[in-house]
Amino acid sequence: MRVLIMNYYPLFREAIASQLLKVVKQASIFEAATPEQAVALLEIPTNFDLAICCIDEHVEEHQWLEQLRNRLPELKILIILEKNQLLKQLNQQLKVDGFLEKSADIHEVENALKLILMGECYISPSLLVAHPTLDLELSLAHTQSSIKSLLTPRQLQVLKLIAAGCSNKAIASQLKCTDGTIKLHVSAILKEFKVNNRICAIKYAAKAGLISTF
């Protein structure tokens, strides 16, 4: 696992890295003191699995995170910030997996890391009190990401064409493959969604936000 930690203070980065290594023994940790250094790390030919950062309210401070998210859609992101910051805006832009308040102790940090790496979401209780609607928004974003990760890029293409009303034959023609291949993709989609037919699959995908029309 490759992890990127961005914070201005070395002691903070070391503390986060120490907690992370308790959860993931073999983690490769990259540190950045500034957003500029974080952007420079994006030039390294490697993929990050988790990004942990402490940011303020300035838009330019998290533009590098948007670049990272665009490059790695399945990246897990944990943001550490003050409880009065604009969490909703950050979540809408980045689809964050967790928010920690800066006052969190080492035990809360460790628990948050465990949950996020298990595919769950985490929000500090103090942040939930300050932002009562964030829990639902974060869960919905996470659900969409989790469901999307169940499907291959080709299956997502097939799903969108199914939603557009295309038959298996029409999908096969458009994707330049056989009808049998499309049938296998459709069966895999139904299995992953745990539904019995295409209509239910479309409803499920629309509810999860994978497709925009129904």
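Remember, it's a predicted structure, so these values are computed and weren't measured experimentally. (Residues numbered from 1 in each chain as written. Predicted model: local features only at pLDDT ≥ 70, side-chain atom pairs only at ≥ 80, totals over all residues. Heavy atoms only, no water.)

**Q** Mind laying out the sheet that holds strand S6 (residues 122-123), listing which residues take part and the relevant values?
**A** Pairing is parallel across the open sheet formed by 6 strands, whose spatial order is S2-S1-S3-S4-S5-S6. Unpaired on one side and paired on the other, strand S2 (28-32) and S6 mark the two borders of the sheet. Where strand S1 (residues 2-6) lies against strand S3 (residues 50-54), 4 bridges are found, and the strand directions are parallel. The residue of S3 that forms the bridge with Val3 is Leu50. (Pairing = 2+ DSSP bridges. Helix = DSSP H or I, 4+ residues; strand = E, 2+ residues; numbered from the N terminus.)

**Q** I'd like to hear about the nonpolar core, residue by residue, with values.
**A** Counting 23 residues, the largest nonpolar core has Leu4, Phe48, Trp64, Leu65, Leu68 and Ile79 as the members making the most contacts within it. At the level of elements, S1, S2, helix H2 (35-41), S3, helix H3 (63-71) and strand S4 (76-81) are the ones that each hand at least two residues to this core. In this structure, Leu151, Ala163, Cys166 and Ile182 belong to the second largest nonpolar core, which totals 22 residues. (Core = buried A, V, L, I, M, F, W, Y, C linked by side-chain atoms within 4.5 Å. Buried < 20%, exposed > 50% of the residue type's maximum accessible area, 1.4 Å probe, protein only.)

**Q** Would you mind going over the packing of helix H9 (residues 168-175) against helix H10 (residues 179-193) in detail, with residue names and values included?
**A** In the contact formed by H9 and H10, the axes pass within 8 Å of each other and the chain directions differ by 110 degrees. As summarised for this structure, H9 and H10 are arranged roughly perpendicular, according to the angle between their axes. Residue-level inspection shows Asn168, Lys169, Ile171, Ala172 and Leu175 of H9 in contact with H10, the latter providing Asp179, Ile182, Lys183 and Val186. When the residues that make up the contact of H9 with H10 are grouped by side-chain class, the tally is 5 nonpolar, 1 polar and 3 charged. (Axes fitted to C-alpha atoms, helices over the stretch in contact; angles between N-to-C directions. Parallel < 35°, antiparallel > 145°, perpendicular 65-115°, else oblique. Contact = heavy atoms within 4.5 Å. Nonpolar A, V, L, I, M, F, W, Y, C, P; charged D, E, K, R; others polar.)

**Q** Help me get a handle on the environment of Ile52, residues and values and all.
**A** Considering the arrangement of structural elements, one finds Ile52 in strand S3. For Ile52, a relative accessible area of 1% corresponds to the buried category. Counting along the chain gives 36 residues from Ile52 to Ile16, while the straight-line C-alpha distance between them is 8.4 Å. What Ile52 contacts, discounting residues up to four positions off in sequence, is Val3, Leu4, Ile5, Met6, Ile16, Leu78, Ile80 and Leu113.

**Q** I'd like a rundown of H10, residues and numbers included.
**A** Here H10 is 15 residues long and its end C-alpha atoms lie 21 Å apart, about the 21 Å a rise of 1.5 Å per residue gives. For H10, the full list of buried residues reads Ile182, His185, Val186, Ile189, Leu190 and Phe193. Each buried residue of H10 lies within a common arc of 135 degrees when the element is viewed along its axis, so the set occupies one face. Facing away from the buried side of H10 by more than 90 degrees, the exposed set consists of Leu184 and Lys191. (Expected span 1.5 Å × (residues − 1). Arc of directions from axis to C-beta.)

**Q** Outline helix H8 (residues 153-163), supporting the account with residue identities and numerical values.
**A** For H8, the complete set of buried residues consists of Gln155, Leu156, Val158, Leu159, Leu161, Ile162 and Ala163. Trailing H8 by a residue or two, Gly165 shows a phi angle of about 90 degrees, which is positive.

**Q** Please give an account of the side chain of Arg13 that cites residues and values.
**A** When you line up the elements, Arg13 lands in helix H1 (residues 10-23). Ignoring sequence-local partners within four residues, the contact set of Arg13 consists of Ile5, Asn7, Tyr8, Glu31, Ala32 and Ala33.

**Q** Can you lay out unusual backbone geometry for me, pointing to particular residues and giving the numbers?
**A** Positive phi, normally seen in glycine, also occurs at Lys176, with a value near 60 degrees. Tracing the sequence through the fold places Lys176 in the loop between H9 and H10.

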